[in-house]
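Spelled out from the first residue to the last, the chains are:
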Amino acid sequence: MTTGASAPTVVLVDDDRHVLKAQARLLREHGFQTVLFESAEDFLAHYDASTPGCLVLDVNLPGLDGYGVLERIRQDEKLAHLPFIFLTARGERTDVRAGMNLGADDYLTKPVKIDDLLAAITARLARPTQK
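In this convention, every chain numbers its residues from 1, walking through the sequence in written order. Restriction of local features to residues with pLDDT of at least 70 applies here, the model being predicted, together with a cutoff of 80 or more for giving and counting side-chain atom pairs; totals for whole chains, interfaces and linings are based on all residues. Only hydrogens and water are set aside when side-chain values are computed; all heavy atoms of the structure are taken into account.

### Things to note about the environment of His18
Turning to step 1, where the next piece is worked out: For His18, the position within the fold is in helix 1 (residues 17-29).
Turning to step 2, where the next piece is worked out: Accessibility here uses a 1.4 Å probe with only protein chains present; expressed as a share of the type maximum, an area under 20% marks a residue as buried, one over 50% as exposed, and anything in between as partly exposed. Residue His18 is classed as exposed on the basis of its relative accessible area, which comes to 69%.
Turning to step 3, where the next piece is worked out: On a C-alpha basis, the gap between His18 and Arg127 in space is 30 Å, while along the polypeptide they are 109 residues apart. Strands here are runs of E lasting at least two residues and helices are runs of H or I lasting at least four, both read from the DSSP assignment and numbered beginning at the N terminus.

Spelled out as structure tokens, the structure:
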């Protein structure tokens with residue numbers, strides 16, 4: 001699912017289809033393209049590393065969880081530079097610390113205000129990437 005070619009891309013990974021579609025709709029309304037995946041495995045198997053953008057993942061995913069995805073991404077030279085934001089219901093201090101220690105660029109908890117999500121994405125996309 002995408003919108004205009006010049007809009008920044010946000011990749012969303014969440015196993016809750018309703019949440020995923022709602023997030024995508026809101027982001028598209030604010031000028032972003034979206035690419036959606038319902039599992040970590042689907043994302044890792046099908047994501048095109050040449051697509052620039054920002055990754056927004058849930059921690060609670062069946063099979064490989066968000067922490068595992070982040071570990072793999074940070075070890076993959078083609079993906080390591082991509083901004084990574086957790087958006088999850090897991091908001092305990094230990095959860096947040098675990099995500100940040102693995103290299104997340106941000107950690108937001110559900111329910112999230114759209115302004116907070118937009119600010120986090122915009123800030124990460126504005127930062128120069130290191131390829």
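### Things to note about the sheet that holds strand 1 (residues 9-13)
Turning to step 1, where the next piece is worked out: Note on pairing: DSSP must find at least two bridges between two strands before they are called paired. Ordered by their spatial adjacency, five strands build an open sheet running 2-1-3-4-5, and the pairing between neighbours is parallel. Edge strands, defined here as strands with exactly one partner in the open sheet, are strand 2 (33-37) and strand 5 (106-109). Adjacent strand axes in the sheet meet at a mean angle of 20 degrees when their direction is disregarded.
Turning to step 2, where the next piece is worked out: As defined by bridge partners, strand 3 (residues 54-57) adjoins strand 4 (residues 84-88) across three bridges and the pair is classed as parallel. Of the residues in strand 4, the one forming a bridge with Leu55 is Phe84.
Turning to step 3, where the next piece is worked out: Two residues form a contact once any of their heavy atoms are found within 4.5 Å. Axis definition: a line fitted to C-alpha atoms, limited for helices to the stretch in contact. Angles are taken between N-to-C directions and run from 0 to 180 degrees. With respect to the sheet, helix 3 (residues 66-75) is in contact with strand 3, strand 4 and strand 5, its orientation differing from that of strand 4 by roughly 175 degrees.
Turning to step 4, where the next piece is worked out: Most of the contacts of helix 4 (residues 93-101) go to strand 5, to which it runs at about 150 degrees, and overall it touches strand 4 and strand 5.

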